[in-house]
Amino acid sequence: MLRVAGLTRRFGEQLALDDVTFDVVPGRMTGFVGANGAGKTTTMRIILGVLAASAGEVRWQGELLTPKVRQDFGYMPEERGLYPKMKIRDQLIFFGRLHGMTQNHAAERTDKLLGRLGLAERATDVLETLSLGNQQRVQIAVALIHQPIALVLDEPFSGLDPLAVDAMVDLLREEVTPEIPVLFSSHQLDLVERLCDDLVVLSRGKVVAAGPVAELAASQTPTYRLVVDGDAGWLRDLPGLRVRDVAGGTALFDVEDAGDAQQILQQAMSRGPVLEFGPERVALSDVFREATR
Amino acid sequence: MNDRTLDRPWLLIAEREVSTKLRDKTFIGSTLVMLAVVLAAVILPALLAGGNNSDKIAVIDDGGAAVVQRASQTQGGNAYEPLRVADQDAAEAAVTKTDATAALLPGPDGYVVIGKDKVDSGVGAALRAAVAEVGMEKNASAVKLTPEQLRAGTQVSEKILEPGPLPGYVSDFVNIGLALVFYMTALGFGMMIAQSVVQEKESRVVEILAASVPIRSLLWGKVLGNTVLALGQIVVIAAASLVGLAATDRLDILSVVAPVAGWFVIFFVLGFVALAGLWAVAGSLATRQEDLGSTTLPGQMILMIPFFFAVFAGPGPREIASFVPIASSMSMPGRMLTEDVPLWQPLVAIAILLVSTVLIIRVGARLYERTLLKTGHRLGYRQALALKAE
């Protein structure tokens, strides 16, 4: 397990990270979300040892993370970049060897990944001649080349079309074995919702929510949807609920607890026929908005 | 998961540095140009002197051909070549059409040398001497004297009491040449090192590199790779000049240069490594290629000032310069070649250079570590020194 414990980082006067603590559990994908400037990239760079923490530590299997162990991590930095004028196959082999693989093993693995990413025919092309989407595929291949023991991916899907995202997600699912913890940041909440098992929400350098996505969603007070035959405007006059929207016979409202909702349903039924009633599914964007409010 | 941990990441970095450069068309091109310049400098003078071009002399009998061959031998090598033709008319025609430089025909009492509008004085003298020699040997054998008996007591040889290492103009040439080799190589490779560092910063690949291996080993790898390349380039150029010297029969110069070659390598490597560290820092202070102009300025000065010193300064200042680090790499090997330098001088110079190289590299590594991952704006040297470790 990868644990970030009490990470604090100052840039001059500015406090970029404030006592950030969370776990990345093996075999689970942990989504790392937060507004721009919340401190996601800073946290990831500290995990990878590219930036020093002002306080706090990163632990691996209970021990302090050492450079030797970290060498086996896979990293995709926010600012993409490889050698523009190097052939992509040579490039992947180089990074494989940089992580301690033998030439042969690295070559074998390179060919497999390039084939998997549909780049086999481009193997001897220079990186800069590839489209941006394909360059991004090579970048993820670099993060995966040495069969990392943990993955840290900073915005891995930004700039990809939906098909490319699917291909990359498939690849990740294939590569992420039950012993690998994966931390990835993203702005695309729908994607995080689809992919992630766990979630860490960061706001202004602080962790404001962390845990399994399902639990976080369940902890939210749900929004209910009511559709009646007639006008639902009377809901506005009731105490103990917050109306989000009323349009003709359709209304969306929040209640403090589920019991209140049942009382409202009874009232509605006493006024006439109820066509539809039930809790709306809680979207991750709501969790995010709620947490970072 | 992995086969092993990478014990010597700098070796892999160096390897990439070398293999990338060896495939880089600009690098290959500039090496070829340098090679051509050196070869031209070695071979051209000989070509211009005509040493390698044999002049054709038209002859019509065996006697004439023997004379031409003797003249050629006396000149050393193949200065003249007999061109056998049928008769006097054909020989004169060959000279008129400039197929032959001159013609050598039997005359009333010996031979006649025929030229088109004049007889080249060198050719004339050589043929006259050869005719005399061959004629005298023939006459001598008629009275049963061997050629040795004929020449007995007429030979003059030379002896020099205080042989200087090299004649004056040659020693100037060698001094400038050695300083130039270091200057050009250090400047050329220095710019390449700075560029390769800033390219890694610009393309952000440095973030992945730094996450995989210690930043210091990135620096060592770059310095090592480029030192190997620079030495390799010099070896290739040295080999080319050897070929050139051999082709022009000037291998005698080699016997003078050879004893200093080892010293040159030591001074070169130490000076180059110190500079390579500085150039790498120049690259890591920059964030874009355009910044290199200002961040490499100190490196250029450190090279340029001693270079002009080594080339233009008189013996006194040059002697002082040959102890100053970096400057010593440019002036000491040249001095050793052209003057009688006591052994302690190069040893002391090497000791000073070694200490400063270690110091420069240590400060350089510190600056490199602290600035490599700083992007956004160009840093000054003073700013960089004030930075704290990350």
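The structure displayed is predicted, hence computed values, not measured ones. (Residues numbered from 1 in each chain as written. Chains lettered and ligands numbered in written order. Predicted model: local features only at pLDDT ≥ 70, side-chain atom pairs only at ≥ 80, totals over all residues. Heavy atoms only, no water.)

1. Some points on the overall build of chain B
Operational definition: By the criteria applied, helices consist of DSSP H or I runs no shorter than four residues and strands consist of E runs no shorter than two, each listed in order from the N terminus. Residue exposure (1.4 Å probe, protein chains only): buried if accessible area is under 20% of the type maximum, exposed if over 50%, otherwise partly exposed. Any two residues whose heavy atoms approach within 4.5 Å are treated as being in contact. In this description, accessible areas are obtained by the Shrake-Rupley approach with a 1.4 Å probe, and a residue is regarded as covered only by the protein chains that are shown.
If you tally the helices and strands in chain B, you get 16 helices and 4 strands. Here chain B, with 390 residues, has 42% of them falling under the buried criterion. Excluding contacts between residues fewer than 6 apart, the proportion of contacts in chain B whose partners are at least 24 apart in sequence is 73%. Of the roughly 20300 Å² of accessible surface on chain B, 63% is carried by carbon and sulfur atoms.

2. As for the domain arrangement of chain A
All names here are of chain A. Spelled out, the test is: Note that the domain bounds were set by an automatic or database domain assignment. What counts as buried area is the accessible surface, traced by a 1.4 Å probe, that two parts surrender upon association, with contributions from both included.
Domain annotation of chain A identifies domain 1 (2-217) and domain 2 (220-292). Between domain 1 and domain 2, the residue contacts involve 15 residues of the former and 10 residues of the latter. Of the roughly 960 Å² buried at the junction of domain 1 and domain 2 (both faces included), carbon and sulfur atoms supply 71%. Considering only the surface of domain 1 that becomes buried against domain 2, Leu-189, Glu-193 and Ala-217 emerge as the three largest contributors, covering 48% of it.

3. Quick look at the domain arrangement of chain B
The domains assigned to chain B are domain 1 (3-47 + 167-386) and domain 2 (54-160). Its C-alpha centre places domain 1 of chain B at a distance of 53 Å from the equivalent point of domain 2 of chain B.

4. A word on a nonpolar patch on the surface
Keep this limit in mind: The residues that make up patches have over 30% relative accessible area and no salt bridge, and they are joined within 9 Å when like-charged or within 5 Å when they are Val, Leu, Ile, Met, Phe, Trp or Tyr. Definition used for salt bridges: Asp or Glu carboxyl oxygen within 4 Å of a side-chain nitrogen of Lys or Arg.
On the surface, a cluster of nonpolar side chains totalling about 370 Å² of accessible area is made up of Leu297(B), Met301(B), Ile305(B) and Phe309(B). Among the secondary structure elements, Ile305(B) is positioned in helix H12 (residues 297-312).

5. Things to note about the sheet that holds strand E2 (residues 80-84) of chain B
Residue and element names in this part refer to chain B. We count it as follows: Any two strands between which DSSP finds at least two bridges are classified as paired. Working convention: axes come from line fits to C-alpha atoms, limited for helices to the stretch in contact. Angles between N-to-C directions cover 0 to 180 degrees.
Taken in spatial order, the 4 strands line up as E2-E1-E3-E4 in an open sheet, and their pairing is mixed. Edge positions in the open sheet fall to E2 and strand E4 (110-114), since each of these has one partner strand only. Averaged over all neighbouring strand pairs, the angle between strand axes comes to 30°, with direction disregarded. Alignment of strand E1 (residues 55-59) against E2, held across 5 bridges, turns out to be parallel.

6. Some points on the interface of chain B and chain A
Size of an interface: often given as the accessible area lost when the parts come together. With 24 residues of chain B at the interface, the matching set in chain A holds 36 residues. Here chain B and chain A share an interface that buries about 2900 Å² over both sides, 55% of which is from carbon and sulfur atoms. Between chain B and chain A we count 4 salt bridges in total. Those elements giving two or more residues to the side of chain B that touches chain A turn out to be helix H1 (9-22) and helix H8 (205-212) of chain B. Among the elements that line the side of chain B that touches chain A, the one with the most residues is H8(B), at 7 residues.

7. Looking at the environment of Gln263(A)
All names here are of chain A. In this fold, Gln-263 is placed in helix H9 (residues 258-271). Residue Gln-263 is classed as exposed on the basis of its relative accessible area of 54%. With 210 residues separating them in the primary sequence, Gln-263 and Ala-53 have C-alpha atoms 53 Å apart.

8. Quick notes on empty space enclosed by the protein
Keep this limit in mind: With a 1 Å grid spanning the protein atoms alone, the term cavity applies to any set of points in which a 1.4 Å probe fits but cannot get out, the term pocket to an open set with protein on both sides within 12 Å along at least five of seven lines, and the term lining residue to any residue with an atom within 4 Å of a point. Grid points are joined across faces, edges and corners, and a volume is the space filled by probe spheres set on the points. All amino acids are sorted into three groups, where Ala, Val, Leu, Ile, Met, Phe, Trp, Tyr, Cys and Pro are nonpolar, Asp, Glu, Lys and Arg are charged, and the leftover types, Gly among them, are polar.
Inspection of the entire model under this criterion finds 3 cavities of 30 Å³ or more. The space that makes up the largest cavity amounts to roughly 60 Å³. Around the largest cavity sit Leu48(A), Phe73(A), Tyr75(A), His99(A), Val142(A), Ala143(A), Ile208(B), Ala211(B) and Ser212(B), which together line it. Here the lining of the largest cavity takes 3 residues from H8(B), the largest share from any one element. Its residues placed into classes, the lining of the largest cavity shows 7 nonpolar, 2 polar and no charged. As for the second largest cavity, its lining consists of Leu278(B), Trp279(B), Ala282(B), Thr295(B), Pro298(B), Gly299(B), Ile302(B) and Tyr381(B). Secondary-structure elements contributing two or more residues to the lining of the second largest cavity are helix H10 (252-285) and H12 of chain B.

9. As for the UniProt feature "transmembrane region" (unreviewed entry) in chain B
Our working definition: UniProt positions are given in the numbering used here, feature names are shortened, and annotations may be inferred rather than shown by experiment.
Mapped onto this numbering, the UniProt entry annotates "transmembrane region" (unreviewed entry) at residues 26-48, 173-194, 223-248, 260-285, 297-315 and 343-365 of chain B. Between the C-alpha atoms that bound residues 223-248 of chain B the distance is 37 Å, and the span itself is 96% helix and 0% strand.

10. Looking at the packing of helix H3 (residues 88-98) of chain A against H1(B)
Cut-off, in case you're wondering: An angle counts as roughly parallel when it lies under 35 degrees, as roughly antiparallel when it exceeds 145, as roughly perpendicular when it falls between 65 and 115, and as oblique in every other case. Crossing handedness follows the turn of the near helix against the far one: under a right angle anticlockwise gives a left-handed crossing, and clockwise gives a right-handed one.
Closest axis-to-axis distance for the H3(A)/H1(B) pair is 10 Å, and the angle between their directions is 160°. Compared by their axis directions, H3(A) and H1(B) come out roughly antiparallel. Viewed along their axes, H3(A) and H1(B) form a crossing whose handedness is right-handed. Of the residues in H1(B), those touching H3(A) at Phe94(A), Arg97(A) and Leu98(A) are Leu12(B), Ile13(B), Glu15(B) and Arg16(B). Of the residues that constitute the contact of H3(A) with H1(B), the class distribution is 4 nonpolar, no polar and 3 charged.

11. Here's the deal with the pattern of salt bridges
Scanning all chains against the criterion turns up 27 salt bridges over all chains. Asp125(A) is the partner of Arg122(A) in a salt bridge, and the nearest nitrogen-oxygen pair spans 2.6 Å. By relative accessible area, which is 24% here, Asp125(A) ends up partly exposed. Across the salt bridge formed by Asp62(B) and Arg84(B), the nearest N and O atoms sit 3.0 Å from each other. Taken together, the residues span a long stretch of sequence, with Asp62(B) in helix H3 (residues 62-75) and Arg84(B) in strand E2 at a distance of 22 residues.

12. Regarding helix H4 (residues 88-96) of chain B
Residues and elements named next belong to chain B. For the record, the criterion: The arc refers to the directions leading from the helix axis to the C-beta atoms.
Buried within H4 are the following residues: Ala-91, Ala-94 and Val-95. Within H4, the buried residues cover an arc of 100° as seen down the axis, which keeps them to one side. As for H4, its buried residues are in contact with E1, E2, strand E3 (102-107) and E4. Of the residues one or two after H4, Thr-98 is the one with positive phi, at around 55°.

13. Regarding unusual backbone geometry
When glycine is set aside, most residues are seen to have a negative phi, and most peptide bonds are trans. Residues and elements named next belong to chain A. The backbone phi angle of Asp-19 is positive, close to 55°, even though this residue is not glycine. Its location among the elements puts Asp-19 in strand E2 (residues 14-24). Although it is not a glycine, Glu-155 adopts a positive phi angle of roughly 50°.

14. Re the sheet that holds strand E14 (residues 274-279) of chain A
All names here are of chain A. Taking strand neighbours across the sheet as the criterion, the 4 strands line up as E12-E13-E11-E14 in an open arrangement whose pairing is antiparallel. Edge positions in the sheet fall to strand E12 (241-247) and E14, since each of these pairs with one other strand and no more. Between one strand axis and the next, the sheet turns through 15° on average, direction left out of account. Note that E12 and strand E13 (residues 250-255) share 6 bridges and pair antiparallel. When the bridges of E13 are listed, Leu-241 appears paired with Val-255. Packing against the sheet, H9 makes contact with strand E11 (223-228), E12, E13 and E14, and its axis sits at approximately 175° to E14.

15. Things to note about H3(A)
Residue and element names in this part refer to chain A. Within H3, 9 of the 11 residues are buried, leaving the element largely enclosed by the surrounding structure. Restricting attention to buried positions, one finds in H3 the residues Ile-88, Gln-91, Leu-92, Ile-93, Phe-94, Phe-95, Gly-96, Arg-97 and Leu-98. In the stretch just after H3, Gly-100 is the one whose phi turns positive, near 100°.

16. Some details on the packing of H12(B) against helix H14 (residues 327-338) of chain B
Residue and element names in this part refer to chain B. Their axes nearest at 8 Å, the elements H12 and H14 cross at an angle of 20°. As far as their axial angle goes, H14 and H12 are roughly parallel. Crossing geometry of H12 relative to H14 is assigned as right-handed. Residue-level contacts link Leu-303, Pro-306, Phe-307 and Ala-310 of H12 to Ala-327, Met-330 and Ser-331 of H14. Of the residues in the contact of H12 with H14, the class split is 6 nonpolar, 1 polar and no charged.

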